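Take a look at the letters that make up each chain.
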Amino acid sequence: MSGRVYASILQRASSYTLTLSSSTPFQPRPANICHFSSWGAFRSDHLCSRSDESGNWSQRGRHLSTRQDLDFQLSRVQINSILRSNEQIVSVPEFDGRGLSGVRKFESNQLAANTPNEDRRSAATCLQTKGMLFGVFDGHGGWACAQAVSERLLYYIATAMMPKQSLEELEKCMEHGKPVPPILKWYKHHADFNYRESASLYIDHLRVFWQELLDSEEHGEGMIPLDALECAFKRLDADISLEAQVPLSNDLMKSTAIQVAFAGCTACVAHIGTDGIHVANTGDCRAVLGVREEDGSWSALPLSQDHNSQNQAEVERIKAQHPPSERDTVVTDDRLLGVLMPLRAFGDVRFKWSCELQQSILASLESGVDLDSLNLYQYTPPNYLTPPYLDVTPEIMYHRLRPQDRFLILGTDGLWDELSSDEAVRLVGEHLSGIHLQAPVSPSERQLKLGQMHELLLKRQARASPPLDTNGATHLIRHALGTGEYGELCQERLASMLALPEDLARMYRDDITATVVYLNSDLARPHHR
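My aim in this report is to walk through the structure given alongside it, one point at a time.

What counts as what
Residues numbered from 1 in each chain as written. Predicted model: local features only at pLDDT ≥ 70, side-chain atom pairs only at ≥ 80, totals over all residues. Heavy atoms only, no water. Helix = DSSP H or I, 4+ residues; strand = E, 2+ residues; numbered from the N terminus. Contact = heavy atoms within 4.5 Å. Polar contact = N/O pair within 3.5 Å; in protein donor to acceptor, adjacent residues only side chain to side chain. Pairing = 2+ DSSP bridges. Salt bridge = Lys/Arg side-chain N within 4 Å of Asp/Glu carboxyl O. Buried < 20%, exposed > 50% of the residue type's maximum accessible area, 1.4 Å probe, protein only. Disulfide = S-S within 2.5 Å. Phe/Tyr/Trp six-rings, centres within 6.5 Å; stacked < 30°, edge-to-face > 60°.

Looking now at the environment of Gly222. Here Gly222 is to be found in the loop between helix H6 (199–215) and helix H7 (225–243). Residues Gly222 and Met162, 60 residues apart in the sequence, show an inter-C-alpha distance of 4.8 Å. Not counting the four nearest positions on each side in its chain, Gly222 is found in contact with Ala160, Met161, Met162 and Pro163.

Structure below.
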């Protein structure tokens, strides 16, 4: 595409002059121009750009880039600095004193399009039980819900798996003011942060959760991972809803709780043990297993399904929960009630609570809090007749590990917007092995004309190019944004995507989070039929 790829923007802002090489296949994201989050185009005066009489564009009072601000000529050093700023590589001991680990190491990275980034990620080892937990979280309507869920969900999962004896020890320590045995060993990036002002609230509600488990006669040795994952997802979402409704000790904690509840996030979490992987997914993040075939090639095995309008079974599930008169309005324009793209999510109480409850909670804040500053406002989705329309119940898949299962990719939808599951697995697999397999030239390809044969050679050469990154997640993100027409890495395209100013970046790409977990294949036993 030529330098006119920004025609849709140029029509709205004639002061912009954006030029790209004709070799750069650079397209706006296929969404409404107001699509700054998965919420879509409601409250357009909050999400759309506007111009004043002078032609200067602003977004909610923020000055947008003008001609002199736009510079797409990033150097390789600048590109690498941007791509690698959020890298994380962690090697996991094969034996940690409690048992063998099903994970050798993991590599993770994030690249923001929103300011601030609405994606989050988590990784931790369970200290009171076995296994490791990994999660990616894609926020919408702001980052508040993704932040809270990324901090809390892994605690709920690990607690649900703990036996009664361990829970009793936790409770005894809390009662007597003694140090509580750690539940998780976290692997944090230096840029990660926590909701410090809400820590006491989060601990209190986690404690109520384990007290209820102690009161249950069925808990015994703790839940198996499948049950723990489902229970934790549902319980945390219920706590998020409750915290927005009850009186809290200070205004900051209260406003944070309401922000978390009215924002939303999708989540994909994997529990990896020595025998297998459980993946719990809510929304449109994704988990894909990288499998090494006998001939050395790589294949992708999906361990989650996207919960969006492309999943017809998911659409039918939601329609079945409402009267026949709503079949044509529950999912419209590929969105829930014409607004929300993911069809399952944490938070998003605007799609779960009654209108009366929503109005009551927001009204309780209005006297002392600027709702606009919290990204909150009185709004009811169209055709909101029989709530709830949204729930958090995860879809859970189990896969027993085999020797050929080499790695697991967890990614937010920003990654999958740019790469297919097969492409992502091939990229990581070839990055891991250093071997770039090429299929033999087929009989039909031998009949190609000279120009077509040249294109084929370029594609094959592109696949054989050595990787620029040691981190597999960075390798994925680089290729997601920088792959050219023949599968080659296009420096100019990558520079253009990374140099977009913050007021334009979200129109052309989403926040991207990728975590690649390398499995300890030596522990897996061959499956005999």
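All right, on to the side chain of Gln110 then. Positionally, Gln110 belongs in strand E5 (residues 103–111). Polar contacts involving the side chain of Gln110 include one to the main-chain carbonyl oxygen of Asp119, which spans 3.5 Å. Side chain to side chain, Gln110 and Thr513 meet in a polar contact 3.0 Å long. Setting aside residues up to four positions removed in sequence, Gln110 forms contacts with Asn86, Asn117, Asp119, Arg120, Arg121, Ile477, Ile512 and Thr513.

The next point concerns the pairing of strand E12 (residues 298–302). Strand residues, when the strand is regular, have side chains that alternate between the two faces of the sheet. Across 5 bridges, the pairing between strand E11 (residues 286–292) and E12 is antiparallel. Within E12, the residue paired with Gly290 across the bridge is Ala300. Here E11 folds back onto E12 in antiparallel fashion, the turn holding 5 residues, of which Gly296 has a positive phi close to 90 degrees.

Another aspect to go through is the pattern of salt bridges. Proximity of charged atoms lets side chains of opposite charge pair with each other. Inspection of the entire model under this criterion finds 17 salt bridges. Asp237 serves as the salt-bridge partner of Lys352, at 2.8 Å between the closest nitrogen and oxygen. Of this pair, Lys352 sits in the loop between strand E15 (346–347) and helix H10 (355–366) while Asp237 sits in helix H7, placing them 115 residues apart in sequence. With respect to class, Lys352 is no different from Asp237; both count as buried. A salt bridge links Arg402 to Asp405; the nearest nitrogen and oxygen atoms lie 2.8 Å apart. For Asp405, a relative accessible area of 1% puts it in the buried group. One continuous salt-bridge network, built from bridges that share partners, spans Glu314, Arg317, Arg344 and Asp391.

A few words on the state of the cysteines. Tallied over the entire structure, the rule returns 0 disulfides. Residue Cys265 stays outside any disulfide, its sulfur separated by 4.1 Å from that of Cys145, the closest cysteine. Cys265 gets classed as buried once you look at its relative accessible area, which sits at 0%.

This part covers the packing of aromatic side chains. Applying the stated rule across the entire model yields 11 aromatic pairs. Centre to centre, the rings of Phe233 and Phe346 are 5.3 Å apart; their planes meet at 40 degrees, and the pair counts as tilted. A residue pair is termed long-range when its members are at least 10 positions apart, and Phe233 in helix H7 and Phe346 in strand E15 qualify at 113 residues. Here Phe233 and Phe346 have matching classes, each one buried. The rings of Phe106, Phe134 and Tyr187 are connected pair by pair, giving a single aromatic cluster.

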